[in-house]
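Here's the letter readout for the chains.
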Amino acid sequence: MSLLSNWDHWKDFLADRMHQAESVGVNSEVINEFATKIGGYLSDHVDPKNEQERLLSDLWSVADENEHKTIARLIMKLVANNGTKKEPELQH
């Protein structure tokens, strides 16, 4: 099964990448800019594999640049509680 063919796997994948970036100190604006670029790439080069991705693709196609950033931010919020989020280690 392709990562893109299952919506829940895709959200977990995105969440894991977002949590990894946050854990090394990447701020949310940089993550959002990267997410916007990924959204553009996916829109231009990848056919949607499920209904959710089709909806996102259709929204992306009618959105302007500022709305692309908003869509990317909303997706970040959507996946924030997905994936594997490592808890910070306690210092002794």
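Residues numbered from 1 in each chain as written. Predicted model: local features only at pLDDT ≥ 70, side-chain atom pairs only at ≥ 80, totals over all residues. Heavy atoms only, no water.

- The protein is annotated in an unreviewed UniProt entry as DUF3243 domain-containing protein from Sporolactobacillus terrae.

1. Regarding the overall build of the protein
(1) Moving on: Along the protein, the regular secondary structure elements total four helices and zero strands.
(2) Moving on: Helices and strands appear in the protein in the N-to-C order α-α-α-α.
(3) Moving on: A total of 92 residues make up the protein; the buried ones form 27% of that total.
(4) Moving on: A separation threshold of at least 6 residues defines the contact pool for the protein, and within that pool the share at least 24 residues apart is 72%. (Helix = DSSP H or I, 4+ residues; strand = E, 2+ residues; numbered from the N terminus. Buried < 20%, exposed > 50% of the residue type's maximum accessible area, 1.4 Å probe, protein only. Contact = heavy atoms within 4.5 Å.)

2. Regarding the packing of aromatic side chains
(1) Moving on: For the coordinates displayed, the defined rule picks out one aromatic pair.
(2) Moving on: Centre to centre, the rings of Trp-10 and Phe-13 are 5.7 Å apart; their planes meet at 15 degrees, and the pair counts as stacked. One end of the pair, Trp-10, and the other, Phe-13, are both in helix H1 (residues 7–23), three residues apart, so they sit about a helical turn from each other. (Phe/Tyr/Trp six-rings, centres within 6.5 Å; stacked < 30°, edge-to-face > 60°.)

3. Some words on the side chain of Glu-53
(1) Moving on: Within the secondary structure layout, Glu-53 lies in helix H3 (residues 51–62).
(2) Moving on: Buried charge without a partner: Glu-53 forms no salt bridge, and the closest opposite charge is Lys-49, 6.7 Å away.
(3) Moving on: At a separation of 2.9 Å, a polar atom in the side chain of Glu-53 contacts the main-chain amide nitrogen of Lys-49. (Lys, Arg positive; Asp, Glu negative; His and termini not counted. Salt bridge = Lys/Arg side-chain N within 4 Å of Asp/Glu carboxyl O. Polar contact = N/O pair within 3.5 Å; in protein donor to acceptor, adjacent residues only side chain to side chain.)

4. Some words on the pattern of salt bridges
(1) Moving on: The full count for this structure, using the stated rule, is three salt bridges.
(2) Moving on: Between Glu-33 and Lys-69 there is a salt bridge, with its nearest N and O atoms 3.7 Å apart. Highlighted residues: Glu-33 in helix H2 (residues 28–45) and Lys-69 in helix H4 (residues 65–79), separated in sequence by 36 residues.
(3) Moving on: Across the salt bridge formed by Arg-54 and Asp-58, the nearest N and O atoms sit 3.9 Å from each other. Pair noted here: Arg-54 and Asp-58 are both in helix H3, with a separation of four residues, about one helical turn.
(4) Moving on: Given a relative accessible area of 40%, Asp-58 falls into the partly exposed group.

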